Amino acid sequence: MKGAKPIMLLSATLLTISALAQQGVFYYVNTNAELINSKTTDVVLNDNGMVILNECSDAKYEKPAVQLIELNKSFIKTSENIVAVNNLHSVSTIAKYSNGNYGIFANANESPVKLNVSGSYKELNQTPLADQKDQTIVGKVIVDKQILVVSTLSASKDKYAIVLSSFDAATGDKQWSKIVSSETNESADAIVGDNAGSVVVLGRKYNDNATEYIPILYKLDTKGGIVWKKSGVDMPSNFYSQSLAVSANGDIFYACGLTQRSGMLQTKLIKLDANGNTKRNININEFTGNGVLSLSSGKILLYGSRFYTDSKQVVTKGAYVILDADLNELNNKSLGVNDKPDSDFNYNTTSSSDLQAALELESGSVVMVGKVTMPQAGSSSEKQNNTIVVVADAYGNYK
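A quick note: this is a predicted structure, and the numbers were derived from the prediction, not measured.

Under the definition given, this model contains five aromatic pairs. Centre to centre, the rings of tyrosine 160 and tyrosine 206 are 5.3 Å apart; their planes meet at 40°, and the pair counts as tilted. With a gap of 46 residues between them, tyrosine 160 in strand E12 (residues 159-168) and tyrosine 206 in strand E15 (residues 199-206) connect regions that are remote in the sequence. Using a relative accessible area of 23% as the deciding quantity, one classes tyrosine 160 as partly exposed. Arranged with centres 5.4 Å apart and planes meeting at 65°, the rings of tyrosine 206 and tyrosine 213 form a pair that is edge-to-face. By relative accessible area, tyrosine 206 is classed as buried at 19%. One aromatic cluster is present, built from ring pairs that chain together Tyr160, Tyr206 and Tyr213. Over the aromatic face of tryptophan 176 sits the side chain of lysine 178, whose NZ or CZ is 5.4 Å from the ring centroid. Over the ring of tyrosine 213 we find arginine 204, and its NZ or CZ is 4.8 Å from the ring centre.

Right, dumping it as C-alpha cells:
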C-alpha cells in the first residue's frame, strides 16, 4: 500500500485527540508554485492536530521533495513545510518520536534514509539506513517501544529479500536490522501490528525469473523471529496492489486490486484467522482499494477510489467502503461534484481524487487523506495536485 499501508499498531490507532470530531471534506491548495504535484503517503497525529506527509514534485516529476502539512484540531492548515532530502527517490512513511520530534523514512537513489525533523519542522539530520544499497522502505509500525520498518533488499538482479529494522521509538536511533527469511525472491508491501505484540508482514514471492508472484504473509515477533509463514493466498495472478489490517482479536484482513477481463478494476477482500487460514472473501466491483483499516468497533474500512463518469469526462473520485467483521457491506461512499473542492469551482470542471492513507480517532471517527487533482487558481485548464482530507463518523457519514 504502498498507498495501502496501515500506519500504526491497533492499540495505538485509537488516538487521543477527541477534539478532532467534526466531519466533512477539506482540501488544501499547495502554495509552492513549482511543486504542483503531490501524493500523500502517511499521516500522524500530534498535540496540535495532525501532520500529513506528502511526496511533491514539479510539473515534470523531476524534482521530488518532502512536504509536511500540519492541520489544527479544526482541520485548518497551520503550516506547510518543504524538507530537503538528498537524492530523493520516493517518500515512504513518518513516525512521531516520544521526544516530540519526527522521523521521515524515505528512499534515496543510493540507499534508504531517515530524516530527523524537530517538532517545529526544522531538519535535524539525514542518515543512511541500510547496510546494503538497493534497499527500498515500504512501511512501519510502532510496537513495544520500537519502530519496526519493513523494506525490500535487491540482493542481486531478479533476487529480492524482506528486511525488518528496529528503531527506538523515543529517539529514532537504529537498534538492529535482519533479513526475515533465508528464502530469496521475496519483496515487502506492508507491515501491521496486533494487540498481542506481534507483527504481520505482507509481501510477494516471485518465481525464479521474477516474472510472476504470489502473496506471502509472515507473522513475526518483535525481534523479527518467524511465528508462522503463509505462502500463496488464494488470489488470481493479475493482482496489482495489496494491503492488510489486523483486528483486535487477531483476524487478518487482506485486500488486493484486480483488473477484470473487461478492463474494469475490482478489489478482493479476504478475512483470515490469526493463523492465516482463510475464513471468507468478497469482491467489490469498480473500486480500487489503496488500504484497509480495522476499526475499534470491529468494523473494517477499505479506502481508495472509483471511476466517475459525466457527460464530458471520466475521472477517479475518492471512495471508501465500511464493512462489518464478517465482510457484510454497511456503507459505500464516493466523493461527488457536490462535495469540495468541486462545489467551490466557478467553472464547469470536475476534480479527480484518491484516498491514500487513513487513521481512526478516539471518537470513532475516521480520517482519510489523499490527493485531489484540480484547476490551478484562475485557470480551468492548468491542473495541480493538492491534499484532500475526508473526515467521516463511525458509520462512514461525512455530512
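Attention now goes to the sheet that holds strand E22 (residues 288-294). Read from one edge of the open sheet, four strands run E22-E23-E24-E25, paired in antiparallel fashion. The open sheet has two edge strands, E22 and strand E25 (329-334), and neither has a second partner. Ignoring which end each strand starts from, the neighbouring axes of this sheet average 25° apart. The pairing of strand E23 (residues 300-309) with strand E24 (residues 314-323) spans ten bridges and is classified as antiparallel. The partner of tyrosine 303 across the bridge, within E24, is tyrosine 320.

On to the environment of glutamine 135, then. By secondary structure assignment, the location of glutamine 135 is in strand E10 (residues 135-143). The class for glutamine 135 is buried, based on a relative accessible area of 7%. In this structure the C-alpha to C-alpha distance between glutamine 135 and glycine 49, which are 86 residues apart in sequence, comes to 33 Å. For glutamine 135, the contacting residues outside a window of four places in its chain are Asn107, Pro112, Ala130, Ser151, Thr152, Leu153 and Val163.

In low-pLDDT segments, the atomic positions of the prediction should not be examined closely. Per-residue confidence for the protein chain averages 88 on the pLDDT scale, and 90% of its residues sit at or above 70. Across the protein chain, the secondary-structure element scoring lowest on mean pLDDT is helix H1 (residues 10-13), at 33, and the one scoring highest is E25, at 97.

So, about the pairing of E23. By the criterion of burial, E23 is predominantly enclosed, with seven of the ten residues buried. The pairing of E22 with E23 spans six bridges and is classified as antiparallel. Of the residues in E23, the one forming a bridge with glycine 291 is tyrosine 303. Linkage of E22 to E23, two consecutive antiparallel strands, is achieved through a turn of five residues, within which glycine 298 is found at a positive phi near 95°.

Cut-off values and rules
Residues numbered from 1 in each chain as written. Predicted model: local features only at pLDDT ≥ 70, side-chain atom pairs only at ≥ 80, totals over all residues. Heavy atoms only, no water. Phe/Tyr/Trp six-rings, centres within 6.5 Å; stacked < 30°, edge-to-face > 60°. Helix = DSSP H or I, 4+ residues; strand = E, 2+ residues; numbered from the N terminus. Buried < 20%, exposed > 50% of the residue type's maximum accessible area, 1.4 Å probe, protein only. Lys NZ or Arg CZ within 6 Å of the ring centre and 35° of its normal. Pairing = 2+ DSSP bridges. Axes fitted to C-alpha atoms, helices over the stretch in contact; angles between N-to-C directions. Contact = heavy atoms within 4.5 Å. pLDDT = per-residue confidence, 0-100.

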